[in-house]
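# Observations on the model geometry
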Amino acid sequence: MTLTEKILARASHRDTVQPGDNIWIDVDVLMTHDVCGPGTIGVFKQHFGQNAKVWDRDKVVIIPDHYIFTADKMANRNVEVLRHFAAEQNIKYFYDVGTPGYKGVCHIALPEEGHTRPGEVLFGTDSHTCTAGAFGEFATGIGNTDAGFILGTGKLWVKAPETMRFVFHGQLPPYLMAKDLILAVIGDIGCDGATYRAMEFDGETVYSLNIEERMTLCNMVIEAGGQERGDCSRSSDARLCQRP
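What you see is a predicted model, and the numbers here were worked out from it, not measured in a lab. (Residues numbered from 1 in each chain as written. Predicted model: local features only at pLDDT ≥ 70, side-chain atom pairs only at ≥ 80, totals over all residues. Heavy atoms only, no water.)

## Here's the deal with the overall build of the chain
The helix and strand tally for the chain stands at eight helices and nine strands. A compact globule built from 244 residues would reach a C-alpha radius of gyration of about 18 Å, and the chain, at 18 Å, matches this within 12%. Along the first, second and third principal axes, the C-alpha atoms of the chain reach 55 × 40 × 30 Å. Taking the contacts inside the chain whose residues are at least 6 apart along the sequence as the reference set, 70% of them involve residues at least 24 apart. Accessible surface for the chain amounts to roughly 11,000 Å². Of this, 52% is attributable to carbon and sulfur atoms. Each charge sign in the chain was given a centre, from 23 positive and 32 negative side chains, and these centres are 5 Å apart. (Helix = DSSP H or I, 4+ residues; strand = E, 2+ residues; numbered from the N terminus. Rg over C-alpha atoms; globule rule 2.2 N^0.38 Å. Contact = heavy atoms within 4.5 Å. Areas by Shrake-Rupley, 256 points an atom, 1.4 Å probe, with all protein chains shown as cover. Lys, Arg positive; Asp, Glu negative; His and termini not counted. Charge placed at Lys NZ, Arg CZ, Asp CG, Glu CD.)

## Points about the sheet that holds strand β4 (residues 93-94)
Strands sit in the order β4-β3-β2-β5-β6 across an open sheet of five strands; the sheet is parallel. The outermost strands of the open sheet, each flanked by one partner alone, are β4 and β6 (138-141). Strand direction decides the pairing type here: strand β5 (residues 121-124) and β6, joined by four bridges, are parallel. Bridge pairing in β6 places Leu122 opposite Ala139. (Pairing = 2+ DSSP bridges.)

## Thoughts on helix α1 (residues 3-11)
Within α1, seven of the nine residues are buried, which leaves the element mostly enclosed by the surrounding structure. Those residues of α1 not exposed but buried are Leu3, Thr4, Glu5, Ile7, Leu8, Ala9 and Ala11. Buried positions along α1 lie against β1 (22-26), β5, β6, β8 (162-167) and β9 (197-202). Just past α1, the residue His13 takes up positive phi, approximately 60 degrees. (Buried < 20%, exposed > 50% of the residue type's maximum accessible area, 1.4 Å probe, protein only.)

## Brief notes about the pairing of β8
A regular strand places its side chains on the two faces of the sheet in alternate fashion. Here β8 pairs with β9 via six bridges, running parallel. Bridging across to β9, Arg165 finds its partner in Glu200. Note that the unit made of β8, helix α6 (residues 178-189) and β9 has a crossover that is right-handed. (Right-handed = clockwise from strand over helix to strand, strands pointing away.)

## What about the state of the cysteines?
Scanning all chains against the criterion turns up zero disulfides. The cysteine Cys106 is free of any disulfide, with Cys36 supplying the nearest cysteine sulfur at 10 Å. Among the residues examined, Cys106 registers a relative accessible area of 0% and is labelled buried. Distance from the sulfur of Cys191, which forms no disulfide, to the nearest cysteine sulfur (Cys130) is 15 Å. (Disulfide = S-S within 2.5 Å.)

Function cannot be read off these values alone, since they describe shape.
What follows is the structure, encoded as structure tokens:
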């Protein structure tokens, strides 16, 4: 199996998983922010009840980061909705703006606070959640409906994706950066070349990248139409993952 298939097999309690399999998987972390958070919360309350509790408060990460520098009342309202929900649910990992615990952009806060872990499944209501593929996990963006369902159950029904592998040979010259690598890939396959597929990055060039560069490489998988499920290290799925 590919790395993606191994991770999904673990999450679905199966021995094996093949591309095209429809499976229920356990979610290790769900992230939402001030853009999609209110909608996700609305879906959760509509279908699970106004007094329902999230499936695991320690596995929900809420990070306001998009609308925080604005005087717009509706944008500010989004953040207030998150604050109310975090307090109501006693969410452990709520990184509120204007507090000592604020962490900035969600894709940076997740790894800095240890929410990105190899072999796990991370879903987020942001298309660039695939950035976390750099840490050897299955990470992808999802919509409010799926996120609301996860809040209530801790599970999601997914189709295991096919995997595309991109191998980079040689040492990266000083005038090129990780951003150039992913832009070259997108230029070759097009903005829909990896639609509902995992993208795997391999080769000595990839091995030589530091973690910030690997995050950059994985970040733009969605710009190639990728399923938004990432990894990073040696093999991957929108990732660069180290092989188990």
